Amino acid sequence: MEAISGLMTGFGVILTPSNILLCLLGSFVGTMIGVLPGIGPLAALALLLPVTFSLPPVAGVVMLAAIFYGAMYGGSTTSILLNIPGEAASVVTCRDGYQMARQGRAGAALGIAAIGSFVAGTLSVIALTFFAPVLGVIALRFGPPENVALMVLGLVCTLYMITGSTLKGLTMIALGVLLAMIGIDVVNGQERFTFGSINLTGGLDLLAIVIGLFGVSEILANVEKITKNALIAEKIKGLFPTREDWKASLAPMLRGSGLGFLLGLVPGGGPITASFISYAVEQRLAKDPSRFGKGAIEGVAGPEAANNAAVGGGMIPVLSLGIPGTPVTALLLGALVIQGIQPGPLFMQQRPDLFWGIVASMYIGNVFLLILNLPLVGLWVQLLRVPYRVLFPIVLMLSVVGTYSANKNVFDLWVMLSFGVAGYVLRKLEYDLAPFLIAFVLAPLLEQSLRQSLVMSPDGIMIMVQRPIAAGLIAIAFVLVALMIRRGLKPQETGGLINEIRQ
């Protein structure tokens, strides 16, 4: 009953003209971002983060969340029509969706992708409604030591998000922690790593870093890959699936929804992993696996449902525990911090209006996205005609305006450009940028909780093992590290940490 009561509170918060309009606007922008190849939800959220500063916290976060799951919807359009994923989670949709379009069934592919996304998104939000309060009850027993253990677990879980080299991922985590220390010490007021610069006394601005690292670097990376692609279909017909399509797609939708939600809960899972695993599951369960890659509608329905369900699952750890599982949820965590809101164990009790408002907005946003994706498919097709030489200068202009408008500080522009170039170089060197962002966001929170724990403890750091919840979380972190080291020591794992250090 508590979940139902909270949800009603959320609908009371969100069902105002301004919040509904912002939810619709976020859904529209997110879909547009998903449709346009080369930008993606992470860069879009980074670029549009400054827009939310003038809004109340509820409205701003609702808009950002709508952009996130809107991009998951829109990514399928360009995958099906151009064979280019609008965002990373739609990569696997290209395989069968594009083949369906070549066979004259682009409408059916787009229709089942939109309906599958709606079904999965709605089911995942229902699960979010009833699952998150359970964590909220446990969270009432959290104090500074438990928060320290939770942040440590969050940083350890970040290791499972690393794609590629573990050593490079650890380097990015260390760099994020180091740069987060720049500025004034919150306890004794001493300057740290400012090198006498007044501009650094307030630390590095999170917004400037995010826009540079994920917005500007994305522009630079995509300029190298400008290509001209022909639409496979000029007019889209037959958007509503036939009875045979429904029969083939219903079970994959439901399996993808469950799989995506569970993987969204796991750090490093998220929409990308969910879509690939869903595709593999459907291919394995199919009576004729050879159909996959040649226009099997199950290969569209399952992955599209999975990547949208993962969005709902991914919101649980970031809102209930303050642990982001993907780069996008890390950015949402950063947005809340910028607004002066502390996500974590007490978030649901301290700001029930914001928590339940976000949950309620996801119900409404899913309806908006179904409306936007089916009737407006012709508009999205025309949007694909916008040339990159027009699109990217506009994105760069938004980056500059957004960064400057936050603090009216020219130094932030230099930070943005520096991190843009650094992000581009790091991408070329195959460094994963997500661990840096998560470490940069979590490090100040970890430091503050650790100092509070030491002040309240007569036995120093031993308080971490004297309190059951904190000790349990630390134990889980050690187990995860041990599993990673064990995996790295296997002879067949050439990418293991030990082998990298030897090289």
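Residues numbered from 1 in each chain as written. Predicted model: local features only at pLDDT ≥ 70, side-chain atom pairs only at ≥ 80, totals over all residues. Heavy atoms only, no water.

Peer 1: How would you summarise the overall build of the protein if you had to cite specific residues and measurements?
Peer 2: Within the protein, the secondary structure is distributed over 22 helices and two strands. Across the 503 residues that make up the protein, the buried fraction comes to 55%. A separation of at least 24 residues holds for 79% of the contacts in the protein among residues at least 6 apart in sequence. When the accessible surface of the protein is summed, it comes to about 21200 Å², and 67% of that surface belongs to carbon and sulfur atoms. (Helix = DSSP H or I, 4+ residues; strand = E, 2+ residues; numbered from the N terminus. Buried < 20%, exposed > 50% of the residue type's maximum accessible area, 1.4 Å probe, protein only. Contact = heavy atoms within 4.5 Å. Areas by Shrake-Rupley, 256 points an atom, 1.4 Å probe, with all protein chains shown as cover.)

Peer 1: Can you break down the packing of aromatic side chains residue by residue, with the values?
Peer 2: For the structure shown, the criterion picks out five aromatic pairs. Pairing Phe-11 with Tyr-363 gives two aromatic rings, centres 5.9 Å apart and planes at 45°, and the pair type is tilted. With Phe-11 in helix α1 (residues 2-14) and Tyr-363 in helix α15 (residues 352-373), the pair connects residues that are 352 residues apart, well separated along the chain. Here Tyr-363 falls in the buried class, since its relative accessible area comes to 18%. Between Tyr-279 and Phe-292, the aromatic rings sit 5.5 Å apart at their centres with planes inclined by 85°, giving edge-to-face as the arrangement. Residue Tyr-279 is located in helix α11 (residues 270-285), and its partner Phe-292 is located in the loop between α11 and α12 (298-320); the two are separated by 13 residues in the primary sequence. Among the aromatic residues, those joined into a cluster by ring pairs are Phe-419, Phe-436 and Phe-440. Across the ring face of Tyr-431, the terminal group of Lys-168 is positioned such that the distance to the ring centre comes to 5.1 Å. (Phe/Tyr/Trp six-rings, centres within 6.5 Å; stacked < 30°, edge-to-face > 60°. Lys NZ or Arg CZ within 6 Å of the ring centre and 35° of its normal.)

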